[in-house]
Amino acid sequence: MDRGSRDEVLARLAEAVGSVTVAHPTRVAIDGAPAAGKTTLADELAVVLRAQGREVIRATIDDFLVPRAQRYPRGEFSAEGCYFDAHDHHGLTRVLLDPLGPGGDRRFQHAVYDHTADAVLSPPVATAPADAVLVFDGVFLMRPELIDRWDLRVFVSTELEKTVDRAVIRERGVSSRADVERRWRERYIPAQQFYFATVRPADHADIIVHNDEAMRLTRGSSRG
């Protein structure tokens, strides 16, 4: 178990990224529940890696959502729908993860969807250098469809109940507390509980970042 400041945790994560030896860009998953702190952590890790001279591709599962018209076939508050229907995993693997992986041509797109405009995207294709790092944050990243497409798997752990209060603060400018609590308690938290029970993401993580009161880092089960 490693305790320390946030900067020390980020330094240890960057060290773990640097220890990955592959002949293609290093694909780093930052998995965790909504409002667990994964996006902030991924942004900060990207800054550290860039300061070390690495080229970083920063992407997020929010840019691989299914358009709203197709996202809720089981209802807007369905936990099963959150897990099974919300994201375009085929698009994610096709335009980003597989091109950056073994045998890929490193020609990628970082997004297929604009969540602010609720519109399908087709951004210009870019080519990554072989030593680039993809830092990708999102929910359900250890699911069977994606698990073998990561070169380093980080899971951000926090008590699910705490994510509700964080979400209320984060979304207070756009949603009422009642709306946020309903969405979390009926959709997001049950979906995470299903994911924890069926996939056991912490068992697949190389590193677990505990992000409750004080951030700390532990070695995941996949590293022995």
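Residues numbered from 1 in each chain as written. Predicted model: local features only at pLDDT ≥ 70, side-chain atom pairs only at ≥ 80, totals over all residues. Heavy atoms only, no water.

Enquirer: Sorry if this is basic, but what is going on with helix H7 (residues 177-198) here?
Expert: Note: α-helices contain 3.6 residues per turn, so residues at a spacing of three or four share the same orientation. Here H7 spans 30 Å end to end across 22 residues, near enough to the 32 Å set by a 1.5 Å rise per residue. Along H7, the sharpest change in direction is near 40° and occurs at Trp-184. Taken together, the buried positions of H7 are Val-180, Arg-183, Trp-184, Arg-187, Ile-189, Ala-191, Gln-192 and Tyr-195. For H7, the secondary structure elements touched by its buried residues are strand E2 (26-32), helix H3 (68-71), helix H4 (79-84), helix H6 (160-170) and helix H8 (201-204). Phi for Arg-200, located one or two positions after H7, is positive at around 55°. (Helix = DSSP H or I, 4+ residues; strand = E, 2+ residues; numbered from the N terminus. Expected span 1.5 Å × (residues − 1). Bend = angle between axes of the 7 residues up to and from the residue. Buried < 20%, exposed > 50% of the residue type's maximum accessible area, 1.4 Å probe, protein only. Contact = heavy atoms within 4.5 Å.)

Enquirer: Which parts of the structure should I look at to understand unusual backbone geometry?
Expert: Phi is mostly negative for residues that are not glycine, and the peptide bonds are mostly trans. Even without a glycine there, the phi angle at Ala-35 is positive, about 70°. As for its position among the elements, Ala-35 is in the loop between E2 and helix H2 (38-51). Look at Phe-140: it is not a glycine, yet its phi comes out positive at around 60°. Tracing the backbone through its elements, the reader meets Phe-140 in the loop between strand E8 (133-138) and strand E9 (152-157). For Phe-140, a relative accessible area of 1% puts it in the buried group.

Enquirer: What is the right way to look at helix H5 (residues 89-97) in this model?
Expert: The element H5 is extensively covered by neighbouring structure, given that seven of its nine residues are classed as buried. Turning to H5, its buried residues number three or more, namely His-89, Gly-91, Leu-92, Thr-93, Val-95, Leu-96 and Leu-97. In this fold, the buried residues of H5 make contact with E2, strand E3 (56-60), strand E4 (107-108) and E8.

Enquirer: What is the right way to look at the layout of surface pockets in this model?
Expert: Reported here for the largest pocket is a volume of approximately 1,100 Å³. Listed by contribution, the elements that provide at least two residues to the lining of the largest pocket are H2, E3, H3, E8, H6 and H7. With four residues, H7 is the largest single contributor of residues to the lining of the largest pocket. Of the residues belonging to the lining of the largest pocket, the class tally is 15 nonpolar, nine polar and 13 charged. (1 Å grid on protein atoms, 1.4 Å probe; cavity = no way out; pocket = protein on both sides within 12 Å on 5 of 7 lines; lining within 4 Å. Points joined across faces, edges and corners; volume = space filled by probe spheres on them. Nonpolar A, V, L, I, M, F, W, Y, C, P; charged D, E, K, R; others polar.)

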